[in-house]
Amino acid sequence: MPFNTILSAKTAIIFLIGGSMIAAAVDAYAQVTGGATITSDYVWRGSSQTREEPAVQAAFKYTHASGLYGSLWGSNVTFQPDAGARSEFDIAVGWSGDVASDWALDVYWLRYQYPAADADLNWNEFNASATWRDNYWISAGHSSDTMASDTTGTYLVLGARYPFNDTWRAEVSVSRYLLEDIYSDSYTHGSAGVVYTFNAPFEARVTYHDTGSSAERLFTRMAGSRVELAIQTSF
């Protein structure tokens, strides 16, 4: 396993221990949740962020009773072409909650942060997601500085999950990334996966990703069809 992946694994363990200690200390007005994932490939919007190598990821979320929350998610990365970035941290601040019968809304600001990168790769994005009956969702992410390019981009997603029972579920999504300002092009990304809960809260996931030919032109060798295998857990 690459050295940076081993470091990220240690970081994930530290995050989990620290998150558990924090969760034990919070009062009834707030909740701390989180999780960790080991995956064969970090696939972001249809494109590999680790040159098809493994990734170790961890996440924490602090939610107030009002619905306001803050979260932190981290992963190792290796871009193509190499920009010197070895880690990514996504920082989010937002609000989520029920807005009508069977409907929930999640609105948040997201910061992509790449410490120690050779160039300024950091950028911001605003996101909104509406979920119906916990199993169907539509979401949009918009940025005026997409991928730190000073240009606009919008990512649209339609997704669904289907629980067969308490152990198995299927998840599918189709998305469109509008990148006319930066690349004079856009592309479609689709995914379909199966999740198996083998020892709750531990899960195994197999996800098939595919993108349109536009993504393969824009992100040479990093987009296209691929299968992602992952073990994940939550607390």
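In case you missed it, the structure is sitting above this.
Residues numbered from 1 in each chain as written. Predicted model: local features only at pLDDT ≥ 70, side-chain atom pairs only at ≥ 80, totals over all residues. Heavy atoms only, no water.

**Brief notes about the pattern of salt bridges**
As enumerated under the stated definition, the model contains 10 salt bridges in all. Among the ionic pairs, Arg205 bridges to Glu228, the shortest N-O distance being 3.4 Å. Of this pair, Arg205 sits in strand β13 (residues 202-211) while Glu228 sits in strand β14 (residues 226-234); the two residues are 23 residues apart in sequence, bridging distant segments of the chain. Overall, the relative accessible area of 15% leaves Arg205 in the buried class. A network of salt bridges, in which partner residues are shared, links Arg161, Arg169, Glu171 and Glu203. (Salt bridge = Lys/Arg side-chain N within 4 Å of Asp/Glu carboxyl O. Helix = DSSP H or I, 4+ residues; strand = E, 2+ residues; numbered from the N terminus. Buried < 20%, exposed > 50% of the residue type's maximum accessible area, 1.4 Å probe, protein only.)

**Points about the packing of aromatic side chains**
Applying the stated criterion across every chain yields a total of 17 aromatic pairs. Among the aromatic residues, those joined into a ring-pair cluster are Trp44, Tyr112, Trp123, Tyr155, Tyr177, Tyr183, Tyr187 and Phe219. Between Arg45 and the ring centre of Tyr155, over which it is positioned, the NZ or CZ distance is 4.3 Å. A cation over a ring is seen here: Lys61 above Tyr69, with NZ or CZ 4.2 Å from the ring centre. (Phe/Tyr/Trp six-rings, centres within 6.5 Å; stacked < 30°, edge-to-face > 60°. Lys NZ or Arg CZ within 6 Å of the ring centre and 35° of its normal.)

**So, a nonpolar patch on the surface**
Residues Ile38, Tyr162, Phe164, Trp168, Val194, Tyr196, Phe198, Phe202 and Ile231 make up a contiguous nonpolar surface patch of roughly 880 Å² in combined accessible area. When residues in the nonpolar patch are grouped by element, the largest group, 3 residues, is from strand β12 (residues 185-199). Along the chain, Ile38 turns up in strand β1 (residues 30-39). (Patch = residues over 30% accessible without salt bridge, like charges linked within 9 Å, V, L, I, M, F, W, Y side chains within 5 Å. Areas by Shrake-Rupley, 256 points an atom, 1.4 Å probe, with all protein chains shown as cover.)

**Thoughts on the environment of Tyr162**
Locating Tyr162 in the fold gives a position in strand β10 (residues 153-163). Sequence separation between Tyr162 and Tyr136 is 26 residues; the distance between their C-alpha atoms is 8.9 Å. Every residue in contact with Tyr162, bar those within four places of it in the chain, is listed here: Arg169 and Ala170. (Contact = heavy atoms within 4.5 Å.)

**Considering the sheet that holds β1**
Adjacent strands of a sheet pair through backbone hydrogen bonds, lying either parallel or antiparallel. One closed barrel holds the 12 strands; their spatial order is β1-β4-β5-β6-β7-β8-β9-β10-β11-β12-β13-β14, and the pairing between them is antiparallel. Sheet twist, expressed as the average angle between the axes of neighbouring strands with direction ignored, equals 20°. One ladder, built from 12 bridges, connects strand β11 (residues 168-179) with β12; its direction is antiparallel. Following the sheet pairing, Ser175 is matched in β12 by His189. (Pairing = 2+ DSSP bridges. Axes fitted to C-alpha atoms, helices over the stretch in contact; angles between N-to-C directions.)

**Things to note about the environment of Trp123**
By the secondary structure assignment, Trp123 is in strand β8 (residues 123-132). Residue classification places Trp123 among the buried residues on the basis of a relative accessible area of 2%. Counting along the chain gives 27 residues from Trp123 to Asp150, while the straight-line C-alpha distance between them is 9.1 Å. If we skip the residues at most four places from it in the chain, Trp123 touches Trp44, Arg45, Leu110, Arg111, Tyr112, Tyr114, Ser143, Asp145, Thr146, Met147, Ala148 and Tyr177.

These results come straight from atomic positions and should not be treated as a statement about function.
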